[in-house]
Amino acid sequence: MSDVEAFIALNRFGLGAGPGDLEIVTEDPAQWLRSQIRADAAIASRLNAFGSSSDIVKDIFEARMTSDKGLIKEVKKKYNKKFRIEVAARMQHAVQSTTPFAERMVAFWSNHFTVSRTKAVTGPILPAFEREAIRPHVFGKFDDMLQAVTGHVAMLSYLDNVVSVGKNSRLGKRRNKSMNENLAREILELHTLGVNGGYTQKDVMEFAKALTGWSFGGYRNRKNKKRRAVHGGFEFNSAIHEPGVKSILGKTYHEGGVNEAKRILTDLALHRSTANFIATKLVRHFVNDDPPPSAIRKIERVFFNSGGDLKEVSQALISLEEVWQEPLPKVKTPYEMAVSVLRAVDGTRVPPNLLAKGLTSMGHSPFNAPSPAGWPDVASHWLSPEALMRRVEWVRTISTRLPATMDPTRLLAQTVAPVASGQLRDMISGAPTTDVGIALLFASAEFQRR
Amino acid sequence: MINRRHFLYGSAMAGLATAMTGPRIAYATAPGENRFVMIILRGGMDGLHALPPYADPYYKKLRPRLAVKAPGFEGGVLNLDGSFGLHPAFEKLLPLYKSKELLFIPAASTRYRKRSHFDGQNILENGTGKPFGANDGWLNRALTHLNDGDQRLGLALGSNVPLILQGGAGVQSWGKSPFGEVDEDFLMRLTYAYEEDKLFSSAFSEARNAPKIPGMDEDAGKGKRKRNKENTNLFAKATAELLNRDDGPRIAVMETTGWDTHFGQAGRLNRLFKQLGSAILTLKHGLQDNWVNTQVLVVSEFGRTAAENGNGGTDHGVGGLAILAGGAIKGGQVVGDWPGLSPRSLYEGRDVFPTTDCESIFKSILSNGYNIGQAVVEDQIFPNSRKSIPLDGLFKGA
């Protein structure tokens, strides 16, 4: 096996090389990736200490119950701080991970099922959402991930399902409340079939009816009419569920309460349009901004025939011929780039505020995707002239914070050596100071591509 | 070793020289003379505070503490037409109104009728009338019909391209770095290192060709508050600088935040109004001779409640205020139907009733000097918006 293949495994499928990685991976790059395709590789147990979304929501709601403005503000502040700390710990986890391919899959699915801080209510629980609904299923069944994501308080709030009330439900008949089709639409358009996946506005409405009642604990009325916060876990509220038969994509679903939408989700997960839509996104992510149709077909077939088995799909991705070829056509996202930098310097401490400021200025602050569609997955978005300059400025700033004993030539040998151009080698070996050399390495196209 | 370094430095210089003297992008056609600058006020700007309908008997009733005093009193509004006045913090804009380069459209709103910032801003920018009705922005869709080849007529100010400018058409962007400028020596070396990668070398050379405006980069080290305060004006300066270029962009979008004034709004808006006013003046002065071909539109995702709340602020409400400025504008007027503030005329009993669609204003702007067919405007740029009819009489040419 060649060094180039090791470089490809570490960057196209990983998060960049740390010291010694090239040597280790060179032995069998494909096997190194295959060995990461196991359920436990995607779990980040060290992050579980940050608490469950259910507890966080309960805590916030309990504070709100008191109407004590000082307390509410205090709790809000506490969770904003916890959010920042967990986001930093999450990044650290990616930096130290020995299964970076699994981390890339986590990031891919987190982006596919975007929940964003742009809607403030869900802010504090977004990292927990990833831990609870994404990580356990990255190498499991797509259907299971879809169910977990859809039933999660973060998604239910982010896409307004918690305020969706069926017109003929017990509550709907009493009060003039209406249905919200946001979640149903986005599941069809963004999570499963894709916008051209063959559904109609009527399917959206029918699906939205089935989803009414999908909510979370929140408050509960007590006998003395005082409300109390219970929990932030999933709860089906039959009082707002639209009763009756629903018909979606030509199939009839009889009234079945919470199970109705579960059955629909399973059918969507196994649908051929979903296989095509997910395959296209995966190939765009791992192969090329302009995904080759032959590769899409291969992945689509595996996805469909395996009933959405993401283990098999991941295997198929690394078996594509296209992925072992040079030059690498994709550009790392700012987050991937920043993690690559931190892996390359092998745990040397970089001030966390410099990381956060960098990601914000490069337009990739975690859990802040601009819309439910997530971050775009193409270089045209990430490498506008302005965005490239921000990257350059950021790595230049980082480089001045690293120990002067760090040798840029050695870092080059440990990271991009298999593909480095003569010009880059010249510039780095001829750099006037170590920090200039290191900044040149991190800013280089070789380092920024994957 | 020293000699080798000098040698390499020399070759870096050679690489740079190529980049600098390379041919500039030649456009098939000149980008035209019309300029459009859109200023998005994120958070929901309080139109009743910016343009108080001081003669409306309900104004003071709804806002016993917040209402701006009548003209003639100390700190009173600057009378415009006997009905409306301008908030005194906009004092510097008054001459523009008098010289007919500034007009106001009260009770303006997008087709959105609810009160979420997120959905409201999304609709303002995606142009479909629905939250997330499109993954691109209406101004970008317009640009796909204006850009000629690689031409990038759109300009985003700030580190991110806002949704309104996202989409298939290439746009330029300009932003001030929080990290300060990188030294020339380093950039030269990097130019050389990028030589073999087309994507990186072309993006980098474009980035390096971005204009430098003297006095703008020096203040990067100052405190956050100070920077934010100056950003609006800096963006206005940069916008004018770029829009003046012969082959530069022609349509720019800048955004400002802080308009969500639930608490103590009098002081905050006083400051924000001053900033907004000086940004508009900066555009006028910066654009010089091009000001006569310029339209500046100031909008927010929605307005605020007609009544003040218990915290010296106002809450989210539907009807807002749009402001148009520029030499191309038929200024000196307050445009549109004023619904009044009586309890019965309020929207859902609480907000200024929206009488002019922002989409109508957007369409008017596109129809004034941008050659885009009506079918494209109706079907692609603002789908399902035929009820939002372009407004007459906003422009000098019309």
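Calculation rules
- In this numbering scheme, every chain counts its residues from 1 along its sequence in written order.
- Chain letters start at A and ligand numbers start at 1, both assigned in the order the entries are written.
- Owing to the predicted nature of the model, reporting of local features is limited to residues with pLDDT of at least 70; listing and counting of side-chain atom pairs is limited to 80 or more, with chain, interface and lining totals taken over all residues.
- Runs of H or I in DSSP of at least four residues are treated as helices and runs of E of at least two as strands, each being numbered from the N terminus.
- Burial in this document is a count-based property: other C-beta atoms within 10 Å of a residue's C-beta are tallied, and the residue is buried at 20 or more, exposed at 12 or fewer, or partly exposed in between, with C-beta positions derived from the backbone.
- Throughout, a pair of residues is in contact if the C-beta atoms placed from their backbones lie within 7 Å.
- Radius of gyration here uses only the C-alpha atoms, and the compact-globule reference equals 2.2 Å multiplied by the residue count raised to the power 0.38.
- Think of a nonpolar core as buried Ala, Val, Leu, Ile, Met, Phe, Trp, Tyr and Cys residues, each tied to the set through C-beta atoms within 7 Å.
- Residues are grouped as follows: Ala, Val, Leu, Ile, Met, Phe, Trp, Tyr, Cys and Pro are nonpolar; Asp, Glu, Lys and Arg are charged; all remaining types, including Gly, are polar.
- Each domain's extent is set by a domain assignment, obtained either automatically or from a database.
- This arc is built from the directions going out from the helix axis to the C-beta atoms.
- For two strands to be treated as a pair, DSSP must find at least two bridges joining them.
- Known as pLDDT, the predictor's per-residue confidence is scaled from 0 to 100.
- The axes are straight lines fitted to the C-alpha atoms, using for helices just the contacting stretch, and the angles between their N-to-C directions are given from 0 to 180°.
- Roughly parallel here means an angle under 35 degrees, roughly antiparallel means over 145, roughly perpendicular means 65 to 115, and every remaining angle is called oblique.
- In a left-handed crossing the near helix is turned counterclockwise from the far helix by less than a right angle, and in a right-handed crossing that turn is clockwise.

## With respect to the overall build of chain B
Helices and strands together make up the secondary structure of chain B, namely 12 helices and 13 strands. Expressed as a percentage of the 398 residues in chain B, the buried residues total 48%. Of all intrachain contacts in chain B linking residues separated by at least 6 positions in sequence, the fraction that spans at least 24 positions is 73%.

## Thoughts on the overall build of chain A
Per the secondary structure count, chain A includes 24 helices and 6 strands. Over its C-alpha trace chain A gives a radius of gyration of 24 Å, about what one expects of a compact globule, namely 22 Å for 450 residues. Principal axes of the C-alpha set define a box for chain A whose edges measure 75 × 55 × 35 Å.

## Thoughts on the nonpolar core
Taken as a class, soluble globular proteins show a tendency for nonpolar side chains to be buried jointly. By size, the foremost hydrophobic cluster in this structure holds 149 residues, and its most contacted members are V138, I299, V341 and L440 of chain A together with L190 of chain B. Not counting residues up to four positions away in its chain, the partners in contact with I299 of chain A are A279, L282, V283, V313, A316 and L317 of chain A. If you look at the next biggest cluster of nonpolar residues, it comprises 95 residues, including I40, L80, F235 and A236 of chain B.

## What to know about the interface of chain B and chain A
Across the contact, 33 residues belong to chain B and 35 residues belong to chain A. At the level of elements, helix 1 (2-21), strand 6 (171-174), helix 7 (184-193) and helix 8 (198-208) of chain B are the ones that each hand at least two residues to the side of chain B that touches chain A. With 6 residues, the single largest contributor to the side of chain B that touches chain A is helix 8 of chain B. Here the side of chain B that touches chain A is built from residues that sort into 20 nonpolar, 6 polar and 7 charged.

## A few points about the domain arrangement of chain A
Residue and element names in this part refer to chain A. Its domain assignment divides chain A into domain 1 (3-22 + 331-448), domain 2 (39-269) and domain 3 (271-324). The distance between the C-alpha centroids of domain 2 and domain 3 comes to 26 Å. At the interface, 17 residues of domain 2 touch 13 residues of domain 3. Looking at the side of domain 2 that touches domain 3, the elements that each hand over two or more residues are helix 6 (100-112), helix 8 (142-150) and helix 13 (258-269).

## Topic: helix 22 (residues 422-429) of chain A
Within the span of helix 22 of chain A, buried status applies to Q423, L424, M427 and I428 of chain A. The buried residues of helix 22 of chain A occupy an angular sector of 125° when the element is viewed end-on, so they sit on one face.

## Let's talk about the pairing of strand 1 (residues 35-41) of chain B
All names here are of chain B. For strand 1, the buried fraction is high: 7 of the 7 residues fall into the buried class. Side chains R35, V37, I39 and L41 of strand 1 all project onto a buried face; the interleaved residues F36, M38 and I40 project onto the opposite face, where all are buried too. Direction of pairing for strand 1 relative to strand 8 (residues 294-300): parallel, over a ladder of 7 bridges. By the bridge assignment for strand 8, F36 is matched with Q295. Where strand 1 lies against strand 7 (residues 251-256), 6 bridges are found, and the strand directions are parallel. Each residue of the ladder has a partner; that of I40, found in strand 7, is E255.

## Some details on unusual backbone geometry
All names here are of chain A. Following E326, the chain continues to P327 via a peptide bond in cis, the omega torsion being -10°. Although it is not a glycine, L249 sits at a positive phi angle of roughly 50°. Looking at the element boundaries, L249 is found in the loop between strand 5 (246-248) and strand 6 (251-253). Of the residues examined, L249 has 18 C-beta atoms within 10 Å and is grouped as partly exposed.

## Overview of the domain arrangement of chain B
We note that the domain assignment places domain 1 (35-181 + 219-381) and domain 2 (182-216) within chain B. Measuring from the centre of the C-alpha atoms in domain 1 of chain B to the corresponding centre in domain 2 of chain B gives 34 Å.

## A word on the confidence of the model for chain B
Residue and element names in this part refer to chain B. For chain B, the average pLDDT comes to 85, and 86% of its residues sit at 70 or higher. Note on residues 1-28: pLDDT is under 50 here. Beyond four places in sequence and across chains, it has 25 contacts. Predicted confidence for residues 217-228 stays below pLDDT 50, and this span has 8 contacts to residues more than four positions away or in other chains.

## Notes on the packing of helix 5 (residues 69-96) of chain A against helix 17 (residues 334-344) of chain A
Residue and element names in this part refer to chain A. It is at 9 Å that the axes of helix 5 and helix 17 come closest, and there the two elements cross at 60°. Accordingly, the angle class assigned to the pair helix 5 and helix 17 is oblique. The two elements helix 5 and helix 17 cross, and the hand of that crossing is right-handed. Here M91, A94 and V95 of helix 5 lie close against helix 17, whose contacting residues are V339, L342 and R343.

## What to know about the pairing of strand 11 (residues 320-325) of chain B
Residue and element names in this part refer to chain B. Burial analysis of strand 11 places 6 of its 6 residues in the buried class, which makes it a mostly covered element. Bridge count for strand 4 (residues 102-109) against strand 11 is 6 bridges, and the pairing is antiparallel. Bridged to P106 within strand 11 is L321. Relative to strand 11, strand 8 is paired through 3 bridges, and the arrangement is antiparallel. Each residue of the ladder has a partner; that of V298, found in strand 11, is I323.

## Regarding the environment of A229 of chain A
Residues and elements named next belong to chain A. Mapped onto the elements of the fold, A229 is located in strand 3 (residues 227-229). For the pair formed by A229 and E62, sequence separation is 167 residues and the distance between their alpha carbons is 5.3 Å. Setting aside residues no more than four positions away along its own chain, A229 makes contact with K58, F61, E62, M65, G218 and Y219.

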